[in-house]
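These are the residues of each chain, in order.
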Amino acid sequence: MDKEELQKDCFVAMEKFMEIFSHSGMQDFFCGENRVMYYIYTHKNKKVYPSDLSKELGFTRQRITSILNSLKRKKQLVTTPDIGDGRRTLVKLTETGEKNFGELYKCVMSGFAFIIDDCG
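Not measured: the values here are computed from a predicted model.

Visitor: Could you give an account of the side chain of Asp 82, naming the residues involved and the relevant values?
Guide: Mapped onto the fold, Asp 82 is located in the loop between β1 (77–81) and β2 (89–93). On the accessibility criterion, Asp 82 (5% relative accessible area) is buried. Apart from the residues within four sequence positions on either side, Asp 82 is in contact with Lys 47, Tyr 49, Arg 88 and Leu 90.

Next up, the structure:
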């Protein structure tokens, strides 16, 4: 296969991927609250601070505060003072948040498996 054929095949696969991705609702997984929950979920064995979320996700501190407050109201996460540095706040998923997000994560990963299978 020459370079031009490979480029065309890549384009067709990417087009299929984007179609499946946009129709599956998976794009919401990478935005706002879910993006924050994903970061916390994948860093659950480490201390996570709001400033980490802002820095790593590229969200303003105000946006992070708004998302965290929303997730706290939904009982998906809790914030607690850091025992080592009382000026800082730790962020952690609640048991409910961990369970709910874990289920969503499994669904998204299944969606990716479907996309990979469909693209070939």
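Past the structure itself, the notes keep going.
Visitor: Residue-level account of the packing of helix α2 (residues 32–42) against helix α3 (residues 50–57), with values.
Guide: As a packed pair, α2 and α3 sit with axes 11 Å apart at the nearest point and diverge in direction by 115°. Considering their axes alone, α2 and α3 lie roughly perpendicular with respect to each other. Here α2 and α3 pass one another in a crossing that is right-handed. Every residue of α3 that contacts α2 at Arg 35, Val 36, Tyr 39 and Ile 40 is listed here: Asp 52, Leu 53, Glu 56 and Leu 57. The residue inventory of the contact of α2 with α3, partitioned by class, reads five nonpolar, no polar and three charged.

Visitor: Which residues make up the nonpolar core, and what are the values?
Guide: Grouped together as the largest cluster of nonpolar side chains are 17 residues, with contacts concentrated most on Val 36, Ile 40, Leu 53, Leu 68 and Leu 77. Every element with two or more residues in this core is listed here: α2, α3, α4 (61–73) and β2. Other than its neighbours up to four places away in sequence, Leu 68 contacts Val 36, Pro 50, Leu 53, Leu 77 and Val 91.

Visitor: Quick one: what's the story with the environment of Asn 34, residue by residue and with numbers?
Guide: One can find Asn 34 in helix α2. It is 8.0 Å that separates the C-alpha atoms of Asn 34 and Phe 101, two residues lying 67 residues apart in sequence.

Visitor: Give me the lowdown on α3, citing residues and values where you can.
Guide: If you check which residues of α3 are buried, you get Leu 53, Ser 54 and Leu 57. Axial view of α3: buried residues confined to an arc of 95°, hence all on one face. On its buried face, α3 is in contact with α2 and α4. Gly 58 sits one or two positions beyond α3 and adopts a positive phi of about 75°.

Scoring rules and cut-offs
Residues numbered from 1 in each chain as written. Predicted model: local features only at pLDDT ≥ 70, side-chain atom pairs only at ≥ 80, totals over all residues. Heavy atoms only, no water. Helix = DSSP H or I, 4+ residues; strand = E, 2+ residues; numbered from the N terminus. Buried < 20%, exposed > 50% of the residue type's maximum accessible area, 1.4 Å probe, protein only. Contact = heavy atoms within 4.5 Å. Axes fitted to C-alpha atoms, helices over the stretch in contact; angles between N-to-C directions. Parallel < 35°, antiparallel > 145°, perpendicular 65-115°, else oblique. Left-handed = near helix turned anticlockwise from the far one by under 90°. Nonpolar A, V, L, I, M, F, W, Y, C, P; charged D, E, K, R; others polar. Core = buried A, V, L, I, M, F, W, Y, C linked by side-chain atoms within 4.5 Å. Arc of directions from axis to C-beta.

Purely geometric numbers; function is a separate question.
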